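Spelled out, the chains give:
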Amino acid sequence: MELYTPVFVLGGIGAAFVAVSMVVGSIAGPKRYNRAKLQAYECGIEPTPQPAGGGRFTIKYYLTAMLFIVFDIEIIFLYPWAVHFDALGLFGLIAMVLFLVNVSIAYAYEWRRGGLEWD
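Residues numbered from 1 in each chain as written. Predicted model: local features only at pLDDT ≥ 70, side-chain atom pairs only at ≥ 80, totals over all residues. Heavy atoms only, no water.

1. What to know about a nonpolar patch on the surface
Together, Phe85, Leu90, Leu93, Ile94, Val97, Leu98, Val101 and Ile105 line one region of the surface with nonpolar side chains, adding up to about 740 Å² of accessible area. Tracing the backbone shows valine 101 in helix α4 (residues 85-112). Taking the relative accessible area as the measure of exposure, valine 101 reaches 43% and is therefore partly exposed. (Patch = residues over 30% accessible without salt bridge, like charges linked within 9 Å, V, L, I, M, F, W, Y side chains within 5 Å. Areas by Shrake-Rupley, 256 points an atom, 1.4 Å probe, with all protein chains shown as cover. Salt bridge = Lys/Arg side-chain N within 4 Å of Asp/Glu carboxyl O. Helix = DSSP H or I, 4+ residues; strand = E, 2+ residues; numbered from the N terminus. Buried < 20%, exposed > 50% of the residue type's maximum accessible area, 1.4 Å probe, protein only.)

Encoded structure:
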């Protein structure tokens, strides 16, 4: 338990900072609310009405999300493998080649569906 003491202390300091910042901000901050401040802000553009249910997203949105997930997972697994490459030997090399083949299949699907074309 002694080893975790710095972690708990740092977590407590972070939580205290958040609590103090919220309290001071709510006490010292201006409280001049009007109709314009209570509306949703969309980068300076007037908010557009949304249909019931939120409307539909194009396939481009999902392809972009999938591309992010594919490359994010690839990097998460490639860093530890690169660090311990010597210790893993041939088994590690074969496992990583199979993993990269799987990632390449997802990348090829994304490419074929037009997820890399930014129109």
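2. Describing the packing of helix α3 (residues 59-83) against α4
Running from N to C, α3 and α4 cross one another at 170°; their axes reach a closest spacing of 10 Å. As the angle between them shows, α3 and α4 are arranged roughly antiparallel. Partitioned by chemical class, the residues of the contact of α3 with α4 number 21 nonpolar, two polar and two charged. (Axes fitted to C-alpha atoms, helices over the stretch in contact; angles between N-to-C directions. Parallel < 35°, antiparallel > 145°, perpendicular 65-115°, else oblique. Nonpolar A, V, L, I, M, F, W, Y, C, P; charged D, E, K, R; others polar.)

3. Quick look at the nonpolar core
Membership of the largest hydrophobic core is limited to five residues, which are Val70, Trp81, Met96, Phe99 and Val103. Elements that contribute at least two residues to this core include exactly α3 and α4. With three residues, α4 is the largest single contributor of residues to this core. Aside from chain neighbours lying at most four places away, what touches phenylalanine 99 is Ile73, Glu74 and Phe77. (Core = buried A, V, L, I, M, F, W, Y, C linked by side-chain atoms within 4.5 Å. Contact = heavy atoms within 4.5 Å.)

4. Quick look at the UniProt feature "transmembrane region" (unreviewed entry) in the protein chain
Per the UniProt annotation, the sites labelled "transmembrane region" (unreviewed entry) are residues 6-28, 61-82 and 88-109. For residues 6-28, the helix share is 100%, the strand share is 0%, and the end-to-end C-alpha distance is 32 Å. Note that residues 88-109 is 100% helix and 0% strand, and that its end C-alpha atoms are spaced 30 Å apart. (UniProt positions renumbered as here; feature names shortened; annotations may be inferred.)

5. Brief notes about α4
Look at α4: only 32 Å from first C-alpha to last across 28 residues, short of the 40 Å you get at 1.5 Å a residue. Its maximal kink placed at phenylalanine 91, α4 deviates by approximately 75°. Three or more residues of α4 are buried, namely Gly92, Met96, Phe99, Val103 and Glu110. Residues of α4 that are buried sit in contact with α3. Once α4 finishes, glycine 114 follows within two positions and takes phi at roughly 90°, a positive value. (Expected span 1.5 Å × (residues − 1). Bend = angle between axes of the 7 residues up to and from the residue.)

6. Points about the packing of aromatic side chains
Evaluation of the coordinates by the stated rule reveals six aromatic pairs. Between the aromatic rings of phenylalanine 71 and tyrosine 107, the centroid separation amounts to 5.8 Å while the plane-to-plane angle is 70°, which identifies the pairing as edge-to-face. Of this pair, phenylalanine 71 sits in helix α3 while tyrosine 107 sits in helix α4, and the two are 36 residues apart along the sequence. Taken together, a centroid distance of 5.1 Å and an interplanar angle of 80° make the contact between tryptophan 81 and phenylalanine 85 edge-to-face. By the ring-pair criterion, three or more aromatic residues cluster together here, those being Phe71, Tyr107 and Trp111. (Phe/Tyr/Trp six-rings, centres within 6.5 Å; stacked < 30°, edge-to-face > 60°.)

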